[in-house]
Amino acid sequence: MKNTLQHSLPFNASPAAPAGPRNLVIEAGAGTGKTSAIVAEVLRLLLDDEGLDPERIVLMTFTEKAAGEIADRIHEALAELELRFDDDEIVWPAGSPKPLLVVPREKKDAWRRACAKQIARIDAIRSQTIHSFCQSLLRMYPIEAGLDPQFKIIQGFEHSLLFDQAYDAWLDDETRVNPSPEKLQEWEFLLAHVGYLFQIRDLVFALVSRRDLLREDAAGFGSIAEVEDDLLGAITTIRRGDLSRLNADHALDVFKYVQANEPPRGGSLEAWIAYFEPIAIPLREANLPRDPVLKEALIVLRTEKDKGAPIYDRLIRHRSAVALLALTLRFIAFLDEEKKKLGVADFDDLLLRTLALLENPAVLDRARQQFDYLFVDEFQDTDRTQAKIIEKLATDRSGAWIPGRTVVVGDPKQSIYGFRRADPETYRAMTGAMIEAGAEHRPIIGQYRSDPPLLDAINAIFACVFADSSSDANVFRPEYRALQAGKRELRRESDARITFLHSEAGVEGHRYLREAEAVAEWILAHRDGGGRDLQRFAILFRRLTKLDEYLDTFDRYGIDYVLPTTRAFLDRRAPVDILAVLRA
């Protein structure tokens with residue numbers, strides 16, 4: 001399996017690195033202190049090398065908030081250490097039973113000097129999202145990237161408006177201003193077999209959202225030649241068959257047509273579609289005959305034993321996919337030209353143009369020289385394009401991983417951002433290549449966020465969920481490592497408990513109001529006093545249709561509440577009514 005993966009995955013795996021600096025793969029679950037682990041590694045670099053400029057360290061995170069938090073944690077850790085260099089034993093974090101950093105006695109004076117120097121310039125450390133990092137590279141090399149040096153990032157409404165306007169202009173260009181027989185043929189085919197214009201537009205936009213994959217070298221769609229021999233074999237069998245004993249049926253209509261019409265040997269995809277079009281419906285409805293020879297031939301034309309999947313429909317789908325891809329690639333080219341004229345770029349452009357920019361060897365060499373260390377947090381949420389950018393910066397001209405340069409931190413079990421193109425297979429491929437090239441694999445299993453009984457339950461459940469890791473070789477199922485409780489005692493005086501609230505409601509319409517009142521009374525009975533105490537309570541709704549009853553009840557009971565930002569304010573009746581009036 002390992003050899004197979006090496007050939008199929010895009011990341012380079014080189015021979016094991018010699019003793020010395022090593023790259024690091026930290027696998028840390030929720031609550032295990034992965035941020036602290038990153039801070040400890042950065043502290044070790046800064047204190048071991050007084051001359052290391054923090055600007056030479058790049059910290060890539062998933063959000064701007066996380067970037068700021070890691071930078072602040074590093075600054076706070078340096079400040080904490082600076083105050084403690086007169087102590088006999090210096091560890092970080094202070095008071096931890098398992099410190100991540102211990103100041104060696106023989107390096108105490110050197111680390112004291114380094115700490116004082118680094119704390120004065122730690123603000124220069126480059127803690128940013130990968131999109132921000134890519135934007136900085138593009139602004140350094142805008143000409144090489146084919147961008148306006150003052151390009152603007154568009155998002156939200158501006159982004160949607162530009163795409164809509166560009167699509168309308170492109171459609172007009174395709175069908176009226178600069179039509180060609182090939183373009184018109186593709187549009188006519190899609191309109192005939194896919195649907196209306198708005199449906200084609202939705203499909204094009206769906207492909208545009210994954211244009212990172214459209215740029216990759218792929219096997220392609222193949223050609224009719226791959227199945228033509230099978231089709232000709234089945235047709236030849238039918239043409240030689242005896243139809244006299246067959247009952248009148250859709251299958252008989254198919255066989256009669258085939259015997260009366262020569263197939264397009266060596267024909268194009270369009271020719272084969274035209275050949276099967278007159279018998280498209282009989283192929284879908286035909287029952288398999290008892291004659292075993294004709295039966296097998298019909299199965300080939302239907303591509304399976306059950307009804308509903310004739311070769312005609314398969315060829316139509318194939319031709320539609322080819323046409324749709326051609327349209328999408330032309331629209332992307334048109335869209336890129338429009339963005340270039342306007343001097344704008346979107347977030348996908350930041351990644352795709354950076355990856356294309358780093359294909360320039362001279363630019364890549366200069367980019368590699370701008371930093372010495374690369375940290376990537378939440379690596380399980382990295383997509384394929386991001387991973388390729390990181391790989392280019394973390395390897396040398398020969399494609400070998402530079403020892404000691406890269407630290408990636410993540411947990412594949414927490415990869416939940418599929419809608420942002422996060423790909424657990426990418427995590428497996430790149431971390432596997434790093435480890436095979438000599439990187440240290442450091443799982444962290446000590447968990448300090450949850451109480452021991454909860455961790456026991458989590459371990460029992462997920463040890464079963466992840467037990468069958470080899471059921472499908474094409475699906476990555478990460479190994480589950482049981483978490484160990486870092487806390488010895490429970491924070492609460494009593495164990496967890498469940499309270500069932502029951503409320504009588506004579507009229508169905510008052511049911512949710514009575515439930516809300518029961519919850520409100522329970523909260524008031526169990527709060528210790530003070531507004532901040534309400535932060536201990538959270539209410540989770542299966543549906544939000546009856547949310548107003550709860551919120552109105554809390555207002556009457558004087559209970560302050562905070563709604564999540566998503567679908568909160570505009571779900572209430574009053575704002576909806578106000579917006580309706582304003583629109584009118």
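Rules used in this analysis
- Residues numbered from 1 in each chain as written.
- Predicted model: local features only at pLDDT ≥ 70, side-chain atom pairs only at ≥ 80, totals over all residues.
- Heavy atoms only, no water.
- Buried < 20%, exposed > 50% of the residue type's maximum accessible area, 1.4 Å probe, protein only.
- Helix = DSSP H or I, 4+ residues; strand = E, 2+ residues; numbered from the N terminus.
- Pairing = 2+ DSSP bridges.
- Salt bridge = Lys/Arg side-chain N within 4 Å of Asp/Glu carboxyl O.
- pLDDT = per-residue confidence, 0-100.
- Contact = heavy atoms within 4.5 Å.
- Phe/Tyr/Trp six-rings, centres within 6.5 Å; stacked < 30°, edge-to-face > 60°.
- Lys NZ or Arg CZ within 6 Å of the ring centre and 35° of its normal.
- Axes fitted to C-alpha atoms, helices over the stretch in contact; angles between N-to-C directions.
- Polar contact = N/O pair within 3.5 Å; in protein donor to acceptor, adjacent residues only side chain to side chain.
- Core = buried A, V, L, I, M, F, W, Y, C linked by side-chain atoms within 4.5 Å.
- Expected span 1.5 Å × (residues − 1).
- Parallel < 35°, antiparallel > 145°, perpendicular 65-115°, else oblique.
- Left-handed = near helix turned anticlockwise from the far one by under 90°.
- Nonpolar A, V, L, I, M, F, W, Y, C, P; charged D, E, K, R; others polar.

A. The pairing of strand β2 (residues 57-61), seen in detail. Burial of β2 is extensive: five of the five residues sit out of reach of the surface. In terms of strand pairing, β2 meets strand β8 (residues 373-376) through four bridges, oriented parallel. Bridge pairing in β8 links Leu-59 to Phe-375.

B. Focus on the pattern of salt bridges. With the rule as written, the count across this model stands at 39 salt bridges. Arg-112 serves as the salt-bridge partner of Asp-86, at 3.3 Å between the closest nitrogen and oxygen. Of this pair, Asp-86 sits in the loop between α3 (64-82) and β3 (91-92) while Arg-112 is found in helix α4 (residues 108-121), placing the two residues 26 residues apart along the sequence. Each member of the salt-bridge network shares a partner with another, and the members are Arg-211, Asp-336, Lys-339, Asp-346, Asp-348 and Asp-349.

C. Broad picture of the confidence of the model for the protein chain. When pLDDT is averaged across the protein chain, the result is 86; 88% of the residues are at 70 or more. Counted against residues more than four places away or in other chains, residues 1-10, with its pLDDT under 50, gives eight contacts. Across residues 12-18 the pLDDT falls below 50, and counting only partners more than four positions away or on other chains, this stretch makes 17 contacts in the model.

D. Region of interest: unusual backbone geometry. Note that the residue after Trp-92, namely Pro-93, is joined by a cis bond; omega there is -5 degrees. Tracing the chain through its elements places Pro-93 in the loop between β3 and β4 (101-102). At Glu-378, a residue that is not glycine, the phi angle is positive and equals roughly 50 degrees. When you line up the elements, Glu-378 lands in the loop between β8 and α19 (384-394).

E. View of the packing of aromatic side chains. For the structure on display, the rule yields 19 aromatic pairs. Ring geometry for Trp-170 against Phe-331: centres 5.3 Å apart, planes inclined by 55 degrees, an arrangement best described as tilted. Note that Trp-170 is positioned in helix α7 (residues 156-177) and Phe-331 in helix α16 (residues 311-342), a separation of 161 residues in sequence. Given a relative accessible area of 1%, Trp-170 falls into the buried group. Centroid distance Trp-522 to Phe-537: 6.1 Å. Interplanar angle 85 degrees. Geometry classified as edge-to-face. Of this pair, Trp-522 sits in helix α22 (residues 511-526) while Phe-537 sits in the loop between α22 and α23 (547-557), placing them 15 residues apart in sequence. For Trp-522, a relative accessible area of 27% gives the class partly exposed. The residue whose ring lies beneath Arg-201 is Tyr-167, and the NZ or CZ to ring-centre distance is 5.8 Å. Its end group placed over the ring of Phe-537, Arg-536 keeps NZ or CZ at 5.2 Å from the ring centre.

F. Molecular detail of the sheet that holds strand β9 (residues 406-410). In spatial order, the strands read β5-β2-β8-β9-β1-β10; together these six strands make up an open sheet with parallel pairing. If you trace the sheet from one side to the other, it starts and ends with β5 (126-129) and β10 (440-444), each paired once. Between one strand axis and the next, the sheet turns by 15 degrees as a mean value, whatever way the strands run. The strands touched by helix α2 (residues 34-48) within the sheet are β1 (24-28), β2, β8, β9 and β10, with β8 carrying the most contacts at an inclination of about 175 degrees. Against the sheet, helix α20 (residues 424-436) contacts β1, β9 and β10, and its axis sits at roughly 135 degrees relative to β1.

G. Quick peek at the side chain of Ser-36. Mapped onto the elements of the fold, Ser-36 is located in helix α2. For Ser-36, a relative accessible area of 16% corresponds to the buried category. At 2.6 Å, the side chain of Ser-36 forms a polar contact with the side chain of Arg-73. The residues touching Ser-36, leaving out its near neighbours within four places in the chain, are Arg-73, Trp-92 and Leu-100.

H. Fine view of the environment of Gln-414. Mapped onto the fold, Gln-414 is located in the loop between β9 and α20. Residues Gln-414 and Asp-381, spaced 33 residues apart in sequence, show a C-alpha to C-alpha distance of 8.2 Å. If near-sequence neighbours (up to four positions away) are discounted, Gln-414 is found in contact with Ala-28, Gly-29, Ala-30, Gln-380 and Asp-381.

I. Here's a closer look at the nonpolar core. Among the nonpolar cores identified, the biggest contains 40 residues, and Leu-374, Ile-390 and Leu-393 are the most heavily contacted of them. Listing elements by their share of this core, those giving two or more residues are β2, α5 (130-140), α17 (347-357), α18 (361-368), β8, α19 and α20. Residues contacting Leu-374, with those up to four places away along its chain left out, are Val-58, Met-60, Ile-390, Leu-393, Arg-405, Thr-406 and Val-407. Membership of the second largest hydrophobic core comes to 34 residues, among which are Ala-77, Leu-78, Trp-92 and Ile-122.

J. Here's a closer look at helix α11 (residues 225-240). Here α11 is 16 residues long and its end C-alpha atoms lie 23 Å apart, about the 22 Å a rise of 1.5 Å per residue gives. Listed as buried for α11 are Glu-228, Leu-231, Leu-232, Ala-234, Ile-235 and Ile-238. Looking at the buried side of α11, the elements it contacts are α12 (250-260), α13 (269-276), α15 (292-302) and α16.

K. Looking closely at the packing of α22 against α23. α23 packs onto α22 with a crossing angle of 45 degrees between their chain directions and a minimal axis gap of 9 Å. With respect to each other, α22 and α23 are oriented oblique. Crossing of α22 over α23 shows right-handed handedness. Residues Tyr-512, Leu-513, Glu-515, Ala-516, Glu-517, Val-519, Ala-520, Glu-521 and Leu-524 of α22 touch α23, and the partners they reach there are Glu-549, Tyr-550, Thr-553, Phe-554, Arg-556 and Tyr-557. Taken together, the residues that form the contact of α22 with α23 break down as nine nonpolar, one polar and five charged.

L. Up close: α22. Over its 16 residues, α22 extends 23 Å from the first C-alpha to the last, a length consistent with the 22 Å expected when each residue adds 1.5 Å. Among the residues of α22, Ala-516, Glu-517, Ala-518, Val-519, Ala-520 and Ile-523 are the ones counted as buried. Buried residues belonging to α22 abut α23.

M. Highlighting the environment of Pro-443. Residue placement: Pro-443 occurs in strand β10. Once the C-alpha coordinates of Pro-443 and Asp-411 are considered, the two residues, 32 residues apart in sequence, prove to be 9.4 Å apart. If near-sequence neighbours (up to four positions away) are discounted, Pro-443 is found in contact with Glu-27 and Arg-481.

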